[in-house]
Amino acid sequence: MKKKERFIKLRDELKRYNKEYYNSNPSIEDSKYDDLKKKYDYLLLKNPELNKFDNLGIGTTPSSKFEKFKHYEPMLSLSNSFNLNDSEDFFEKATNYLKKQNSNYIFYVDCKIDGVSLSLIYKNNKLFKAVTRGDGLIGEEITENVLGIIGIPKVLKDCQSDLIEIRGEVFFFRSDFEKLNKQFEKKNQFSNPRNAASGSLRQINSKITKDRPLRFIPHGYGKFSNDKEFFNFEEFLGFCKKNDFDQTGYAKKYSNLKSIYNYVSEIEKKRSSINFDIDGMVIKINDLDLQKMLGSTNKFPRWAIAAKFSSEEALTQVEKIELQIGRTGAITPVARLKPINIGGVIVSNATLHNFDEIIRKDIRIDDFVWIKRAGDVIPYVSKVEIERRKKSSKKFVTPKKCLCGSKIIKIKNEAVQRCSAGKSLCKYQNLETFKHFVSKKAMNIDGLGEKLIEKFISLKLISNKLDIYRLENHKDKIIKIEGFGEKSFLNLIRSINKSKTTTLSKYLFSLGLRYLGENNSELISLYFKNKTRFKNFIQSKKLKEELENIDGLGEKAISSFISYFSDKINIDESFEILDIIKIKEIEDDKMSLNKSILFTGTLQKMSRDRAKELAKKKGYKIASNVSKNLDILVFGEKSGSKLKKAKDLKINILNEKDFLNLIN
């Protein structure tokens, strides 16, 4: 629970900064933003159970300052690895996904440049578009800005594809960055080369970009029309060389991960002598066919991983210890530090995890402490420098009250402590609930940020989620808010009205229920399909039975869901919102309309996860147990009681070959 609440708090904080950060008006330093984002990625890596709460997405919504362009294929991020075991586990999962007997892969490893991702699109061998990552699906078209970047050819001289996407990093050499910074007053200087690259690349005035010595090195590809252009990553690098793209000079081929990690260690030792910033190495399966078979999750490819460099430590002082209150009342203590540079990032905050951790390490205000960024990502206090402690130093006293004034309680078997008040009584929980409801992967109400929500609450314009859809009735009060005129009001109402067309999964996620993250919301929505069927089942006596039949939905999520909708106030509010909004109905394949399918035993040609994925794409509901409501059972080797029960109930039974024929 401790980790979950800390993660959700961090996620919501990042959402608040994302739009500011990527549109060049940040309210925090770039280095602090980077630190928060890396901390977020590290928590996801080390705690897979948090994936269901991950709705941050990739990048952010493209700026309205630039034309938008939909990527031909999504521009994904990379999963991170912090040691050999992490990478072995990652590629073992790839082996299991492919249903291979062994993992004799050929790998390619190269530097992970700490720059800004860019996709170059060539049509008929001429540069057609240059597009930023954006949110991974839609980016910003900045073609004019890249024409002067070193390492970007305007024409390809050896390419068979009518259309090809070359993806890579835009960055500065360290020496060029230092020269660039000297042109500005100290207060206007960039904090590091990556932020300088980001700020330079997305200038409205393309001349500014062209005047700066930016560079580009490819690291991959998106769509290419001729499937014989190259068959593996090694050939891709050869393609890049023939077409005058720059390369790192550090790419190597290996057949085992142990050798790769020896090489990663070698590069880490010399990273300071390399003339561009790198924060790790990227390990890729070389074969393109294997890459296509493995595919990706909604965020990461299954065939590549970033091997991050090891952690660094620095000594600084604790200035104060503050509390952060999460949406469900979880209280996380945070150390505010004298800013310190760790691995090129300025760190001013460190997690203290929970009050027991503070007591165990005896962390006190004014203490000198060693701050470690585990895996180059998350800052935390590794130890206290006792010898430098003042004699007048006092032990930290665990607070008994939340910032709202309510009593702090500790629930049995939970490390985290919580505010005893609910969201209706604790203004901090209430604020986090609203922030979650309007967030991008929930109802996606752009422009309704934390400060505006706080203002609306103080003016008593909103006290529940439904009130957001009534803000149009308060125009006279809203346009009088400082810095908020008629145009801002109309933009807000337009955004609210736009949010009324959404999906059932986004609506469910917006409720902010414990254990009901993006994945579980999607599972429930795929099962119920539309809001009419959903509303009917919410009031049905068979609700628990229906939820238990949803494959992958755990007991805690079911319990949380039922508990929420057992409250009449919650049902009334939810139904009123559902009546206002338009839910996009999930369309079924006619063949699979409303049909459920269950897999049992060991399949030979694919993993069960892969089979489920294929079935979902065809519109089947994935069941978790055999009942009279089950339509199809697919069995493999060593099928047990489920197969026998299905035969007894006269359910349609298919073997793996029959299943493949069915979906094809």
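Whatever comes next refers back to the structure up there.
Residues numbered from 1 in each chain as written. Predicted model: local features only at pLDDT ≥ 70, side-chain atom pairs only at ≥ 80, totals over all residues. Heavy atoms only, no water.

## With respect to the overall build of the protein chain
Put simply, the rule reads: Note on conventions: DSSP H or I runs of at least 4 residues are helices, E runs of at least 2 residues are strands, and numbering of each starts at the N terminus. C-alpha atoms define the radius of gyration, and 2.2 Å times the number of residues to the power 0.38 defines the globule rule. Type-normalised accessible area, obtained with a 1.4 Å probe on protein chains alone, sets the label of each residue: buried when under 20%, exposed when over 50%, and partly exposed for intermediate values. Only heavy atoms enter the contact rule, under which two residues are in contact if any of them lie within 4.5 Å. In short, Shrake-Rupley with a 1.4 Å probe defines the accessible areas, and a residue's cover is counted only from the protein chains shown. Charge counting follows a simple rule: Lys and Arg are positive, Asp and Glu are negative, and His as well as the terminal groups are ignored. The location of each charge is read from NZ of Lys, CZ of Arg, CG of Asp or CD of Glu.
A tally of regular secondary structure across the protein chain gives 25 helices and 24 strands. The globule rule puts the C-alpha radius of gyration for 664 residues at 26 Å, and the 27 Å found for the protein chain is close to it. Based on the C-alpha atoms only, the size of the protein chain along its principal axes is roughly 70 × 70 × 55 Å. Residue burial in the protein chain is summarised as follows: out of 664 residues, 54% are buried. Across the protein chain, the fraction of contacts at a sequence separation of at least 24, relative to all contacts at a separation of at least 6, is 70%. Counting only carbon and sulfur atoms, one obtains 47% of the accessible surface of the protein chain, whose full area is about 31,800 Å². In the protein chain, 125 positive and 88 negative side-chain charges are present, and the distance between their average locations comes to 3 Å.

## Details of the packing of aromatic side chains
The condition that has to hold: Classification of ring pairs rests on two measures: the distance between centres of Phe, Tyr or Trp rings, Trp counted by its six-membered ring, which must be within 6.5 Å, and the angle between planes, read as stacked under 30 degrees, edge-to-face over 60 and tilted in between. In this scheme, Lys NZ or Arg CZ marks a charge over a ring once it lies within 6 Å of the ring centre and within 35 degrees of the ring normal.
This structure, assessed with the given rule, holds 29 aromatic pairs. An angle of 55° between the planes, with centres 6.1 Å apart, marks the rings of Phe 171 and Phe 173 as tilted. Where Tyr 527 meets Phe 528, the ring centres are 5.4 Å apart and the plane angle is 85°; that geometry is what we call edge-to-face. The class for Phe 528 is buried, based on a relative accessible area of 0%. Connected via pairs of aromatic rings, a cluster forms that spans Tyr 108, Tyr 221, Phe 224, Phe 230, Phe 233, Phe 236 and Phe 239. Directly above the ring of Tyr 527 sits Lys 621, whose terminal nitrogen or CZ lies 4.8 Å from the centroid.

## Some remarks on the sheet that holds strand β24 (residues 652–654)
So the rule is basically this: Whether two strands pair comes down to DSSP finding at least two bridges between them.
Judged by pairing direction, the sheet is parallel, and its four strands sit side by side in the order β22-β21-β23-β24 without closing on themselves. Only two strands of the sheet have a single neighbouring strand rather than two, namely β22 (621–622) and β24. Strand direction decides the pairing type here: strand β21 (residues 596–600) and strand β23 (residues 632–635), joined by four bridges, are parallel. Following the sheet pairing, Leu 598 is matched in β23 by Leu 633.

## A look at the environment of Tyr 261
Counted only if it meets this: Two N or O atoms form a polar contact when they lie within 3.5 Å of each other; inside protein one atom must be a possible hydrogen donor and the other a possible acceptor, and for residues adjacent in sequence the pair counts only when both atoms belong to side chains.
Its place among the elements puts Tyr 261 in helix α9 (residues 257–270). Using a relative accessible area of 14% as the deciding quantity, one classes Tyr 261 as buried. Considering only alpha carbons, one finds Tyr 261 and Val 131, 130 residues apart in sequence, at a separation of 33 Å. Apart from the residues within four sequence positions on either side, Tyr 261 is in contact with Ser 81, Asn 83, Leu 84, Ser 87, Ile 283 and Ala 307. A distance of 2.7 Å separates polar atoms of two side chains, one belonging to Tyr 261 and the other to Ser 81. Polar contacts involving the side chain of Tyr 261 include one to the main-chain carbonyl oxygen of Asn 83, which spans 3.2 Å.

## Side note on the packing of helix α19 (residues 531–538) against helix α22 (residues 568–580)
Under the convention used in this document: Axis definition: a line fitted to C-alpha atoms, limited for helices to the stretch in contact. Angles are taken between N-to-C directions and run from 0 to 180 degrees. An angle below 35 degrees is read as roughly parallel, one above 145 as roughly antiparallel, one from 65 to 115 as roughly perpendicular, and any other as oblique. Should the near helix be turned anticlockwise from the far one by less than a right angle, the crossing is left-handed, and should it be turned clockwise, the crossing is right-handed. Classes in brief: Ala, Val, Leu, Ile, Met, Phe, Trp, Tyr, Cys and Pro nonpolar; Asp, Glu, Lys and Arg charged; the others, Gly included, polar.
α22 packs onto α19 with a crossing angle of 165° between their chain directions and a minimal axis gap of 11 Å. By the criterion of interaxial angle, the relationship of α19 to α22 is roughly antiparallel. The interaxial crossing formed by α19 with α22 has left-handed handedness. Within the contact between the two elements, α19 uses Lys 531, Phe 534, Lys 535 and Ile 538 and α22 uses Ile 571, Phe 575, Leu 578 and Asp 579. Looking at the contact of α19 with α22, its residues break down into five nonpolar, no polar and three charged.

## A closer look at unusual backbone geometry
The backbone of Asp 244 sits at a positive phi, close to 70°, despite the residue not being glycine. Here Asp 244 is to be found in the loop between α8 (233–242) and β9 (252–254). Exposure remark for Asp 244: the relative accessible area of 45% places this residue in the partly exposed category. Phi at Lys 529 is positive, roughly 75°, even though this residue is not glycine. In this structure, Lys 529 sits in the loop between α18 (518–528) and α19.

## Re the pattern of salt bridges
Spelled out, the test is: Salt bridges, as used here, are contacts in which a Lys or Arg side-chain nitrogen is within 4 Å of a carboxyl oxygen on Asp or Glu.
Taken as a whole and judged by the stated rule, the model has 38 salt bridges. Residue Glu 266 pairs with Lys 270 through a salt bridge whose shortest N-O separation is 3.9 Å. Residue Glu 266 and its partner Lys 270 are located together in helix α9, separated by four residues, close to a single helical turn.

## Describing the nonpolar core
The test is simple: Side-chain atoms within 4.5 Å link the members of a nonpolar core, which is a set of buried Ala, Val, Leu, Ile, Met, Phe, Trp, Tyr and Cys residues.
By size, the foremost hydrophobic cluster in this structure holds 52 residues, and its most contacted members are Phe 456, Ile 468, Tyr 507 and Phe 561. With near-sequence residues (within four places) excluded, Tyr 507 lies in contact with Met 443, Ser 574, Ile 577, Leu 578, Ile 581 and Ile 583. Core analysis: the next-biggest nonpolar cluster, separate from the first, contains 36 residues, Ala 197, Leu 201, Phe 216 and Tyr 221 among them.

## Observations regarding the packing of helix α12 (residues 427–438) against helix α13 (residues 450–458)
Between α12 and α13, the shortest axis-to-axis distance is 10 Å and the interhelical angle comes to 125°. Classified by the interaxial angle, the pair formed by α12 and α13 is oblique. Between α12 and α13 lies a crossing of right-handed hand. Contacts from Asn 430, Leu 431, Phe 434, Lys 435 and Val 438 in α12 reach Glu 450, Ile 453, Glu 454 and Ile 457 in α13.

Everything listed here is a matter of coordinates, which is why it stays silent on function.
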